[in-house]
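Report on the structure
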Amino acid sequence: MKILITGATGLIGRKLTGRLLEQSHQITALSRAPERAAKLLGSQVQVWETLEGKTTLDGFDAVINLAGEPIADKRWTKQHKALLCESRWQLTEKLATLINASQTPPSVFISGSAVGYYGDQGQALVPEDEPPNKQFTWQLCARWEALAMSAQSPVTRVCLLRTGIVLAEKGGALAKIVLPFRAGLGGPIGDGQQYMPWIHISDMIDGILFLLAHETLSGPFNMVSPYPARNEQFSALLGEVLHRPAFMRAPAPVVRLLMGESAVLVLGGQRAVPRRLEAAGFEFKHQELKEALEDLLA
């Protein structure tokens, strides 16, 4: 297949591009830093710096949209919220417009989203049809998804990746979480009862490839392990795997003071489950959190 990927230099994008190249697909990556992208992804990948001047996506069999500013790296000021939205909405809208303008459009558009679509769900089980709590993360993801779905047609199916916390051996959320634990300062956040919907990076990549290959699948998919963990359980297992203590609890008021509105990302959560992926026949290689952490951190 000939595939266009945005966000190809990110945590998921790099792994996915490598796997697709191994399968002999032709990859074009969209990157604002083309020289860096070419260095990271290799000479087999064609790199576009912009979509300016493009009028269609004729010739592509698939588009995978993974781009977007990191949501947890900074406080949510009004300006940063706007940046988070624009980095997702504008590119997704442009891709959908190009797909709709194509005479022979891609057969599939796989576009990023997040379990943040649901907002903070407390202890409730969250399959894909769970009504959202309309917080900022819902506003961000709902518009993002709607723009992607505008590309759906009888010839183009759209799959939405409602992604949880992607655990990888290098980079991403796990690298940040591990730091205080290695120093012996790790522990639960707040009351520790909030759910952390997680997924091993290899299952994330396999899940995207599964959606790419199965021509009957479309709509939203929770890209999470079948067994989300409470923050307290996650902390205890991470401490066990690292052979470090895990009792330095971060009080919720301190977290809110440091993070402001974005504290909901760590004090809230979603007990999200991959109901639609499993119903379609996808099998996870890493279902249990302790095994996943051992695999990544051994």
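Residues numbered from 1 in each chain as written. Predicted model: local features only at pLDDT ≥ 70, side-chain atom pairs only at ≥ 80, totals over all residues. Heavy atoms only, no water.

Going by what an unreviewed UniProt entry lists, the protein chain is known as TIGR01777 family oxidoreductase and is assigned to Rahnella bonaserana. Here is the UniProt Sequence similarities (unreviewed entry) comment for the protein chain, exactly as written: "Belongs to the NAD(P)-dependent epimerase/dehydratase family. SDR39U1 subfamily." (UniProt positions renumbered as here; feature names shortened; annotations may be inferred.)

**Points about the UniProt feature "domain: DUF1731" (unreviewed entry) in the protein chain**
UniProt marks residues 250-296 with the feature "domain: DUF1731" (unreviewed entry), using the numbering shown here. Overall, residues 250-296 shows 53% helix and 4% strand. The separation of its end C-alpha atoms is 25 Å. (Helix = DSSP H or I, 4+ residues; strand = E, 2+ residues; numbered from the N terminus.)

**Overview of the side chain of S225**
For S225, the location among the structural elements is in the loop between β11 (219-223) and β12 (229-230). For S225, a relative accessible area of 1% corresponds to the buried category. With residues up to four places along the chain from it excluded, the contact list for S225 reads W198, I199, A272, P274, F284, H286 and Q287. (Buried < 20%, exposed > 50% of the residue type's maximum accessible area, 1.4 Å probe, protein only. Contact = heavy atoms within 4.5 Å.)

**Examining the packing of helix α5 (residues 172-182) against helix α11 (residues 289-297)**
Running from N to C, α5 and α11 point in directions that differ by 85°, and their axes come no closer than 13 Å. Compared by their axis directions, α5 and α11 come out roughly perpendicular. Contacts from L174, V178 and R182 of α5 reach α11 at L293, L296 and L297. Class assignment for the residues of the contact of α5 with α11 results in five nonpolar, no polar and one charged. (Axes fitted to C-alpha atoms, helices over the stretch in contact; angles between N-to-C directions. Parallel < 35°, antiparallel > 145°, perpendicular 65-115°, else oblique. Nonpolar A, V, L, I, M, F, W, Y, C, P; charged D, E, K, R; others polar.)

**Remarks on the packing of α5 against helix α7 (residues 231-242)**
Two numbers describe how α5 lies on α7: the axes approach to 10 Å, and their chain directions differ by 65°. Relative to α7, the element α5 is oriented roughly perpendicular. Crossing hand, α5 versus α7: right-handed. Here L174, I177, V178, F181 and R182 of α5 come into contact with α7, specifically with F234, S235, L238, G239 and L242. Here the residues of the contact of α5 with α7 are counted per class, giving seven nonpolar, two polar and one charged. (Left-handed = near helix turned anticlockwise from the far one by under 90°.)

**Details of the sheet that holds strand β4 (residues 62-65)**
In space, the seven strands of this open sheet follow the order β3-β2-β1-β4-β5-β7-β11, with parallel pairing throughout. Every interior strand has two partners, whereas the edge strands, β3 (46-48) and β11, have only one. On average, each strand axis in the sheet is tilted by 20° relative to the strand beside it, whichever way the strands run. Summarising the sheet, β4 and strand β5 (residues 108-114) pair through four bridges and their orientation is parallel. (Pairing = 2+ DSSP bridges.)

**Some points on the environment of V241**
Relative to the helices and strands, V241 resides in helix α7. Taking the relative accessible area as the measure of exposure, V241 reaches 15% and is therefore buried. When the C-alpha positions of V241 and D295 are compared, they lie 9.9 Å apart, and in sequence the two are 54 residues distant. In this structure, V241 is in contact with K290, L293, E294 and L297, ignoring residues within four places of it in sequence.

**Some points on the pattern of salt bridges**
What the rule picks out here adds up to nine salt bridges. Across the pair K15 and E169 runs a salt bridge, and its minimum N-O distance is 2.8 Å. Of the two residues, K15 is situated in helix α1 (residues 11-22) and E169 in the loop between β8 (165-167) and α5; the sequence distance between them amounts to 154 residues. Overall, the relative accessible area of 40% leaves E169 in the partly exposed class. Across the pair K81 and E261 runs a salt bridge whose closest N-O atoms are separated by 2.7 Å. Here the residue K81 occupies a position in helix α3 (residues 78-101), and E261 occupies one in the loop between α8 (252-259) and α9 (264-267), the gap between them amounting to 180 residues. One salt-bridge network, in which partners are shared between bridges, spans R19, D206 and K285. (Salt bridge = Lys/Arg side-chain N within 4 Å of Asp/Glu carboxyl O.)

**Some remarks on the nonpolar core**
With 52 residues, the main nonpolar core has L20, I110, I208, L211, M223, L293 and L297 as its most contacted residues. No other element matches the eight residues that helix α6 (residues 201-213) contributes to this core. Dropping the residues within four chain positions of it, M223 is found in contact with L161, R162, T163, G164, I199, M204, G207, I208, L211 and L277. Membership of the second largest hydrophobic core comes to 18 residues, among which are L51, F109, A148 and L160. (Core = buried A, V, L, I, M, F, W, Y, C linked by side-chain atoms within 4.5 Å.)

**So, the packing of aromatic side chains**
The full count for this structure, using the stated rule, is five aromatic pairs. Geometrically, the ring pair formed by W48 and F60 is edge-to-face, given 5.6 Å between the ring centres and 85° between the ring planes. One end of the pair, W48, is in strand β3; the other, F60, is in the loop between β3 and β4, with twelve residues separating them in the sequence. Across the pair, F60 and W48 agree in class, each one buried. With a centroid separation of 4.9 Å and 85° between ring planes, the pair formed by F282 and F284 is classed as edge-to-face. What makes F282 buried here is its relative accessible area of 8%. A connected cluster of aromatic rings, assembled from ring pairs, spans F210, F282 and F284. Sitting over the face of the ring of F60, K2 holds its NZ or CZ atom 5.0 Å from the ring centroid. For the cation-ring pair, R162 lies above Y117, with the distance from its terminal atom to the ring centre recorded as 3.8 Å. (Phe/Tyr/Trp six-rings, centres within 6.5 Å; stacked < 30°, edge-to-face > 60°. Lys NZ or Arg CZ within 6 Å of the ring centre and 35° of its normal.)

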